[in-house]
Amino acid sequence: MRKFELTVLGCGAAAPTPYFLTTSQLVNIHDHLILIDAGEGVQLTLRKQRLKFQRIRTILISHMHADHVMGLPGLIASMNLLGRKLELDVYGPKELEGFVKGVWHKTETHVDFQVNFLVLDSKNPTELFRTNSYKVQSFPTKHRIPTCGFRLEELELAWNIKPYSKQKNKMSLQEIIVLKKGKKVIRDNGDILDPSKCCNPPKKARSYVFAADTAYTPKVVEAAKGATLLYHEATFMEEEQEIAKKTMHSTASDAGRVALESGVENLIIGHFSNRYRDLSGLHLEAVEIFKKTVLAVEGKTIFLDRIT
Ligand SMILES: [Zn+2]
């Protein structure tokens, strides 16, 4: 099975502390590396974890709050220092390009490779790009400033033709193409090749949804529908729900509710407030609503086909 892995690099809210770093994640989908958010010090975290940041093709930035972008100007500057030639696509809010280039300008940083800044639509779900094996979409969340979440999803996988059936029925290339799409072939003589008989059905396409920062919103429920794994922020416990409301963040119960309503297979919670040293209370609150919940652990890689 092709790679689909998530490594959480930082899962704390607001500011880095000795306990948690701020938000960033690295996703490996089919050997393409995609960085989601770039909290302060992200380049150091990537290097410590021996994750090759020159291989990152795409960066997705959810919103302009400091704990999600402060690491970006330095990361790209270091890519340049280390001789990068490969183009880089950076999707983010419209203010992002000015912020990053402003830092480079004031620090006399020259970036010689091509960096493409692409502006996200923070109002409507949008497909950002697709390859021949997966697609990436953004969707609006509910936060104090325009913010997007992201859905990374494999494209429909092909049906696998049983080798003996291929030989027995002397299939043509054209027939194989139709059967691989899961469609029936009707031959001129009336014979029918049925994919449910000639093929093994494809494995379910896997998907990962990132939703931070956000208060509870049906928009995230909709965007996360049926995902294999949902990362949802859980900044506070229910006892702090007034602060959660005011700052437009979620409680762990909110995260559990979104997971339940969207019918995802697994939930991972993060973006923890620095007031919590012991995260078991947050975990318990989410688990009470959605059983298959795990806490984000910095540096731990989660494989989407075997989540424990
Ligand atoms: Zn924020």
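The structure presented is a predicted model; accordingly, all values stated were derived computationally and were not measured.

Definitions and limits used
- Residues numbered from 1 in each chain as written.
- Predicted model: local features only at pLDDT ≥ 70, side-chain atom pairs only at ≥ 80, totals over all residues.
- Domains from an automatic or database assignment.
- Axes fitted to C-alpha atoms, helices over the stretch in contact; angles between N-to-C directions.
- Helix = DSSP H or I, 4+ residues; strand = E, 2+ residues; numbered from the N terminus.
- Parallel < 35°, antiparallel > 145°, perpendicular 65-115°, else oblique.
- Left-handed = near helix turned anticlockwise from the far one by under 90°.
- Contact = placed C-beta atoms within 7 Å.
- Nonpolar A, V, L, I, M, F, W, Y, C, P; charged D, E, K, R; others polar.
- Buried ≥ 20, exposed ≤ 12 C-beta atoms within 10 Å, placed from the backbone.

Asker: I tried to follow the domain arrangement of the protein chain on my own but got confused; where do I start?
Answerer: Taken as a whole, the protein chain is organised into domain 1 (4–157 + 203–303) and domain 2 (162–200). Its C-alpha centre places domain 1 at a distance of 43 Å from the equivalent point of domain 2.

Asker: Whenever I open this one, the packing of helix α3 (residues 72–81) against helix α4 (residues 96–106) confuses me. Can you help?
Answerer: Packed helices, taken two at a time, are described by the angle their axes make and the gap between the axes. Here α3 crosses α4 at 60°, and the two axes come no closer than 9 Å. It follows that α3 is oblique to α4 by the angle criterion. In terms of crossing hand, the pair formed by α3 and α4 is right-handed. Contact with α3, carried on its side by L72, P73, I76 and A77, involves V100, V103 and W104 of α4 and no other residues of that element. Residue classes in the contact of α3 with α4 are distributed as 7 nonpolar, no polar and no charged.

Asker: Just checking my understanding: could you explain unusual backbone geometry for this structure?
Answerer: Where the residue is not glycine, phi is negative for most of them; where a peptide bond is considered, it is trans in most cases. Look at the link from A212 to D213: it is a cis peptide, with omega at 0°. Topologically, D213 is positioned in the loop between β14 (207–211) and α8 (218–224). One non-glycine residue, H30, lies in positive phi territory at about 55°. You can call H30 exposed: it has 12 C-beta atoms within 10 Å. With a phi angle near 50°, E108 is a residue other than glycine that sits in the positive phi range. By the element assignment, E108 lies in the loop between α4 and β6 (115–119). A residue is classified by how many C-beta atoms lie within 10 Å of it, and E108, with 6 of them, is exposed.

Asker: Hey, could you run me through the environment of E156 in this one?
Answerer: Here E156 is to be found in the loop between β9 (148–154) and β10 (160–161). With 11 C-beta atoms packed within 10 Å, E156 lands in the exposed category. Expressed as a C-alpha distance, the spacing of E156 and F290, which sit 134 residues apart in the sequence, is 27 Å.

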